[in-house]
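# Examining the three-dimensional arrangement
Each chain, written out:
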Amino acid sequence: MSKQKIQLSDHFDYSRLLRFVLPCVGTMLFTSIYGIVDGLCVSNFVGKTAFAAVNLIMPVPMLVGSVGFMLGTGGSAIVGITLGEGDREKADRYFSLFVWTGLLAGIVLSAVGVLIVRPAAALLGAEGEMLDYAVRYGRLLMLSLPFFILQNMFQSFFVTAEKPHLGFAFTVAAGVTNMVLDVVLVGMLHGGVEGAAIATFISQAVGGVLPVFYFLNKRSTSSIHLGRAQWNGGVIRSACINGSSELMTNLSMSLVNILYNYQLLRFAGENGVAAYGVIMYAAFLFVAVFVGYAVGSAPIVSYHYGARSHAELNNLYSKSLRLIGVIAVVMTALSMLVIPYVARIFVGYDAELLALTSHAFRVYALNFFLMGFNVYGSSFFTALGDGVTSALISFLRTLLFQLLALIFLPMVLGIEGVWLAVTAAEAGALCVTVLMFITKDNVFHYRKASC
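As recorded by an unreviewed UniProt entry, the protein carries the name Multidrug export protein MepA and is attributed to Faecalibacterium prausnitzii L2-6. Under the UniProt heading Sequence similarities (unreviewed entry), the note attached to the protein is "Belongs to the multi antimicrobial extrusion (MATE) (TC 2.A.66.1) family. MepA subfamily." Under the UniProt heading Subcellular location (unreviewed entry), the note attached to the protein is "Cell membrane".

Okay, here's the thing in structure tokens:
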């Protein structure tokens, strides 16, 4: 039984659930790892000014490219519910519409993004050499936005297509491409920040373009296939509303990162921005586990909600909360153990920066104990088609609460308030997530085994 193909329609025990979501967790982890290689190469081969510049400008292309997360998560929920209702032809039409819309949006946003890089970098506080590095790196990333958007969309759609392992394989291919090119272009050929950006550009093309050919192949065993799209503004609007929580999450992360960098420039200068960059790269690994589980389990929730299988919804809901509780404890403890080693790999060449980074990471990592429940809660309601509740959780935890904490905590605690802001925000959001889990059961009936 354990070797049989796992389908969305199955009953999921712990083993089957973990085996289904692990490829998605692996995809997120590998994506984080090859992003980390970017930072490692820039920091060690170009220097801390270039490293700070890369981390200062990085939120801007992430901000502009958030449409991919919105269409991917919101669209995959709609496709998953449609598959659960038994209409595969309609699911294919919806899938094709989302992919081609994402590609078109990427082309338009790329053109706009190239124009705004320099004024954005200057507005964020970059000057002199740091401004030059930020513009050179940012413009190339803006050019890769269409590929970046498609890559993010396919991470969700491979799970909906019941092909999470294939999605992981494409991510590995993109990641290996990026890591090899980083070492060659930045380390060996001394290509500077342009080399790192080109490596990212090519890797995103691998992850965003090659899956198109797979989904176009009608003979593949995928549950969904690409074809000609038929415009449906109502479906696009529904996907945007349903995926608004993921859009909000990524928009908020970018905006909050911008405020983090602004506050840290005030309190610690270039070293503060560099330290925060290291923390973000390391935190990606821990966040990837929670996000990977949430994204990987969401299509199962969508399918069984579409099939009106409330008993299986209860099974998925209760098992997921138990698993996240265990993962949260393990992730928090593990982060405390690896902090010194991660910091030394990135900035071991600067003793003052190393000390600042190690201390800051220990304070920041307290949020891992709370984050997983909020990430899952937002994704769970997206999967149920309740984009408003999902967006509320994401808006509070990633934007409003963090902005308030970042503004007011440093007034009382100084730079310690900057590092504690995310934990304070997650604690406030957890109260809202628990409240939504309790009240929304009246609508979706996931807290009882039968209805």
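## Considering the packing of aromatic side chains
Throughout the structure, instances matching the rule amount to 29 aromatic pairs. Geometrically, the ring pair formed by F95 and F215 is edge-to-face, given 4.9 Å between the ring centres and 70° between the ring planes. Placement of the pair is F95 in helix α5 (residues 88-123) and F215 in helix α9 (residues 192-216), with a sequence separation of 120 residues. Of the two residues, F95 and F215, neither departs from the other in class, the shared state being buried. The interplanar angle of 35° and the centroid separation of 6.2 Å between the aromatic rings of F158 and Y214 together place this pair among those described as tilted. You can see F158 sitting in helix α7 (residues 145-160) and its partner Y214 sitting in helix α9, a full 56 residues away along the chain.

## Topic: unusual backbone geometry
With a phi close to 55°, H190 is a non-glycine residue in the positive phi region. With respect to the helices, strands and loops of the structure, H190 is situated in the loop between α8 (164-188) and α9. Classification of H190 as exposed rests on a relative accessible area of 64%. Located in the positive-phi region is H445, a residue other than glycine, with phi close to 55°. Its location among the elements puts H445 in the segment after α17 (441-444).

## Let's talk about the environment of I407
With respect to the helices and strands, the residue I407 is situated in helix α15 (residues 387-413). Measuring from C-alpha to C-alpha, the distance between I407 and G207 comes to 38 Å, with 200 residues separating the pair along the chain. When residues no more than four places from it in sequence are discounted, the contact partners of I407 are L259 and Q263.

## A few points about empty space enclosed by the protein
Using the criterion set out here, one finds 3 cavities of 30 Å³ or more in the structure. Taken together, Q151, F154, Q155, F158, G167, F170, T171, G207 and P211 make up the full set of residues lining the second largest cavity. Counting only elements with at least two residues in the lining of the second largest cavity, the list comes to α7, α8 and α9. For the lining of the second largest cavity, the element with the most residues is α7, which contributes 4 residues. Here the lining of the second largest cavity is built from residues that sort into 4 nonpolar, 5 polar and no charged.

## Examining the nonpolar core
Generally speaking, nonpolar side chains in soluble globular proteins are found buried as a group. Y260, L384 and Y446 are the most contacted members of the largest nonpolar core, which has 68 residues in total. Looking at this core, the elements that each hand over two or more residues are α1 (14-45), α11 (244-306), α12 (310-347), α13 (351-364), α14 (368-383), α15 and α16 (415-439). The leading source of residues in this core is α11, at 21 residues. Residues in contact with Y446, not counting those within four places in the same chain, are L313, N314, Y317, F380, F381, L384, M436, F437, K440 and D441. The next biggest cluster of nonpolar side chains, apart from the first, holds 43 residues, and it includes I36, A53, A120 and A121.

## Section: the domain arrangement of the protein
For the protein, the domain assignment lists domain 1 (23-231) and domain 2 (244-450). Of note, the centres of domain 1 and domain 2, computed from C-alpha atoms alone, are 21 Å apart. Contact with domain 1, which involves 39 residues of that partner, is made by 41 residues of domain 2. For the pair domain 1 and domain 2, the summed buried surface comes to about 3500 Å²; carbon and sulfur atoms form 73% of the total. Taken together, the links from domain 1 to domain 2 amount to 1 salt bridge.

Calculation rules
Residues numbered from 1 in each chain as written. Predicted model: local features only at pLDDT ≥ 70, side-chain atom pairs only at ≥ 80, totals over all residues. Heavy atoms only, no water. UniProt positions renumbered as here; feature names shortened; annotations may be inferred. Phe/Tyr/Trp six-rings, centres within 6.5 Å; stacked < 30°, edge-to-face > 60°. Helix = DSSP H or I, 4+ residues; strand = E, 2+ residues; numbered from the N terminus. Buried < 20%, exposed > 50% of the residue type's maximum accessible area, 1.4 Å probe, protein only. Contact = heavy atoms within 4.5 Å. 1 Å grid on protein atoms, 1.4 Å probe; cavity = no way out; pocket = protein on both sides within 12 Å on 5 of 7 lines; lining within 4 Å. Points joined across faces, edges and corners; volume = space filled by probe spheres on them. Nonpolar A, V, L, I, M, F, W, Y, C, P; charged D, E, K, R; others polar. Core = buried A, V, L, I, M, F, W, Y, C linked by side-chain atoms within 4.5 Å. Domains from an automatic or database assignment. Buried area = accessible area lost by both parts, 1.4 Å probe. Salt bridge = Lys/Arg side-chain N within 4 Å of Asp/Glu carboxyl O.

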